[in-house]
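# Summary of the model geometry
Letter by letter, the chains look like this.
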Amino acid sequence: MESLRIKSGSGIKEIAVENQKGEVVSVLRIDVDNGDIVTSFSRLIWNLEHMPEEFKENVEELKEKYGDRPEDEKASFEEIVDISRMNVSLLKRCAEEIDKVFGVDTVRNVFKESYDLNENFVPDEDALLDFIEEVIPVMEKLFEHKFARNRKRYNPANRGKKTRR
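Since this is a predicted model, take the numbers as computed values, not measurements.

## Focus: the overall build of the chain
Helix and strand counts for the chain stand at 5 helices and 2 strands. Ordering the α and β elements of the chain from the N terminus gives β-β-α-α-α-α-α. Put simply, the chain has 165 residues, and 27% of those count as buried. Considering only intrachain contacts with a sequence separation of at least 6, the fraction spanning at least 24 residues in the chain is 57%. Summed over its atoms, the accessible surface of the chain is roughly 12,600 Å², and 49% of this surface lies on carbon and sulfur atoms.

## Some words on the packing of helix 1 (residues 37–66) against helix 2 (residues 77–102)
Two numbers describe how helix 1 lies on helix 2: the axes approach to 10 Å, and their chain directions differ by 170°. When the axes of helix 1 and helix 2 are compared, the pair comes out roughly antiparallel. Class assignment of the residues belonging to the contact of helix 1 with helix 2 gives a composition of 17 nonpolar, 4 polar and 8 charged.

## Describing the nonpolar core
Core analysis: the biggest nonpolar cluster contains 30 residues, and I30, F41, F102, F131 and M139 have the highest contact counts within it. At the level of elements, strand 1 (12–18), strand 2 (24–31), helix 1, helix 2, helix 3 (106–110) and helix 5 (125–153) are the ones that each hand at least two residues to this core. Here F102 is in contact with L28, R29, I30, F41, L44, F131, V135 and M139, once residues within four sequence places are set aside.

## Quick look at unusual backbone geometry
The residue D105 is not glycine, and still its phi comes out positive at about 70°. The class of D105 is partly exposed, set by a relative accessible area of 37%.

## Thoughts on the side chain of E79
Within the element layout of this structure, E79 appears in helix 2. Excluding anything up to four places from it in sequence, E79 contacts Y66 and R69.

## Let's talk about the side chain of S40
Note on placement: S40 falls in helix 1. The class for S40 is buried, based on a relative accessible area of 14%.

## Brief notes about the packing of aromatic side chains
Evaluation of the coordinates by the stated rule reveals 5 aromatic pairs. Judged by centre distance (6.0 Å) and plane angle (80°), the rings of F41 and F102 are edge-to-face. In this pair, F41 sits in helix 1 while F102 sits in helix 2, placing the two residues 61 residues apart along the sequence. With relative accessibility at 4%, the residue F102 sits in the buried group. Each ring, one from F41 and one from F143, has its centre 6.2 Å from the other, and the planes form 65°; the classification is edge-to-face. Residue F41 is found in helix 1, and its partner F143 is found in helix 5; the two are separated by 102 residues along the sequence. With respect to class, F41 is no different from F143; both count as buried. An aromatic cluster is built from F41, F102, F131 and F143, whose rings are joined through pairwise contacts.

Rules and cut-offs
Residues numbered from 1 in each chain as written. Predicted model: local features only at pLDDT ≥ 70, side-chain atom pairs only at ≥ 80, totals over all residues. Heavy atoms only, no water. Helix = DSSP H or I, 4+ residues; strand = E, 2+ residues; numbered from the N terminus. Buried < 20%, exposed > 50% of the residue type's maximum accessible area, 1.4 Å probe, protein only. Contact = heavy atoms within 4.5 Å. Areas by Shrake-Rupley, 256 points an atom, 1.4 Å probe, with all protein chains shown as cover. Axes fitted to C-alpha atoms, helices over the stretch in contact; angles between N-to-C directions. Parallel < 35°, antiparallel > 145°, perpendicular 65-115°, else oblique. Nonpolar A, V, L, I, M, F, W, Y, C, P; charged D, E, K, R; others polar. Core = buried A, V, L, I, M, F, W, Y, C linked by side-chain atoms within 4.5 Å. Phe/Tyr/Trp six-rings, centres within 6.5 Å; stacked < 30°, edge-to-face > 60°.

Right under this line is the structure:
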């Protein structure tokens, strides 16, 4: 009987995430063999970068609901709550996308101290962007290594060098 051994999990890379004290608070696991990882990560970045635009669009909808008010007039409590609710909804969606790319509870683990302090914590836009900005160079290295390996593997000049049994 013939057998075939597949290197399962060989594409899974780990990135330690440290807090400001230098303590590891989370370990991101990225499967560079996942054909969709580059697309998922770029979609995450795009969504975070365009969140302010979506927020502005939603504020415009609220203006229709509450009507225009002079700039020197303060927003009503109800309007402030609606704006906050809308903002939190966008932030939670971005946190979910981060979890889709890096694994369940990534955001909760990265911001563990804040969640320990307040179970209902929602990282704001700056916190999420700061996290992604720190991750981007590491992800680029992982992707570049993967792309370089694939270029070498699929280079027409190298095709005849492998022996087949």
